[in-house]
Amino acid sequence: MRIRIRDFFETLDVCKETFHPNEDWKEMEACILILDGMGLIGIVYYKPYKEKKELGIVIRKEYWGQGRGEKAIRGISELAKGNGITELIAKVFTKNRPMIHLMDKLGWECYEEKLDFKLFKKTL
Ligand SMILES: CC(C)(COP(=O)(O)OP(=O)(O)OC[C@H]1O[C@@H](n2cnc3c(N)ncnc32)[C@H](O)[C@@H]1OP(=O)(O)O)[C@@H](O)C(=O)NCCC(=O)NCCS
């Protein structure tokens with residue numbers, strides 16, 4: 001199977017209000033691909049953010065609400081820990097209710113709150 005991560009990001013159809021992938025694919029340090037059969041339906045990763053490592057995740061909309069996001073965040077946290085990383089952070093738009101819900105559910109701590117986004121952290 002041949003996958004071009006760049007193509008995936010460029011053809012994303014997710015809501016632009018809550019997710020701006022920009023050129024994240026260039027900065028990813030590690031990632032887990034989320035597959036359905038032979039197709040790439042999502043990706044979870046971390047990338048440098050100042051002195052820290054920032055979590056990123058996106059799943060194609062038609063696959064939301066089936067537990068893949070939760071499983072993926074758990075998976076990348078384990079991978080990061082195995083790579084010697086002790087903390088991940090995530091920047092989440094306040095209106096992104098599913099992601100805010102997942103952060104709470106998985107025990108991430110909100111350590112900064114701005115007008116339209118929250119910063120979460122998780123000790124690994
Ligand atoms: C965030 C995202 C990865 C979640 O993926 P997913 O596969 O739907 O995640 P899950 O199915 O594991 O969990 C979603 C949870 O949100 C909950 N949820 C859905 N809509 C919700 C809402 N409006 N308010 C509160 N919770 C909501 C679901 O009930 C579920 O929780 P539960 O398992 O406790 O019932 C997906 O929505 C996505 O790709 N969004 C676009 C990209 C994005 O926003 N990335 C995050 C940037 S920081």
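Numbering of residues starts from 1 in each chain and follows the order in which that chain's sequence is written. The predicted origin of the model limits local features to residues at a pLDDT of at least 70 and limits the giving and counting of side-chain atom pairs to 80 or more, whereas totals for whole chains, interfaces and linings rest on all residues.

Moving on, we get to the overall build of the protein chain. Helices and strands together make up the secondary structure of the protein chain, namely four helices and six strands. Since a compact globule built from 124 residues should have a radius of gyration of about 14 Å, the 14 Å found for the protein chain is in line with a globular shape. Projected onto its principal axes, the C-alpha positions of the protein chain cover 40 × 30 × 25 Å. To assign burial, the other C-beta atoms lying within 10 Å of each residue's own C-beta are counted, with C-beta atoms placed from the backbone; 20 or more indicates buried, 12 or fewer indicates exposed, and intermediate counts indicate partly exposed. Expressed as a percentage of its 124 residues, the buried residues of the protein chain come to 20%. Sequence-distant contacts, at least 24 apart, represent 54% of the contacts inside the protein chain between residues at least 6 apart. Counting from the N terminus, the helices are DSSP H or I runs at least four residues long and the strands are E runs at least two residues long. The globule rule used for comparison is 2.2 Å times the number of residues to the exponent 0.38, while the radius of gyration itself is calculated over C-alpha atoms. Residues are defined as contacting one another if the C-beta atoms placed from their backbone atoms lie within 7 Å.

Tracing the backbone through its elements, the reader meets Gln66 in the loop between β3 (52–59) and α3 (68–82). The exposure class assigned to Gln66 is exposed, which follows from the 11 C-beta atoms found within 10 Å. Remark: the alpha-carbon pair of Gln66 and Lys122, spanning 56 residues in sequence, is separated by 23 Å.

For our purposes the nonpolar core covers buried Ala, Val, Leu, Ile, Met, Phe, Trp, Tyr and Cys residues that link as a set through C-beta atoms within 7 Å. Judged by nonpolar contacts, the single largest core of 20 residues is most densely connected at Val44, Leu55, Ile76 and Ala90. Elements that contribute at least two residues to this core include exactly β2 (39–49), β3, α3, β4 (87–93) and α4 (97–105).

So, to be careful, I would describe these as geometric facts and stop short of saying anything about function.
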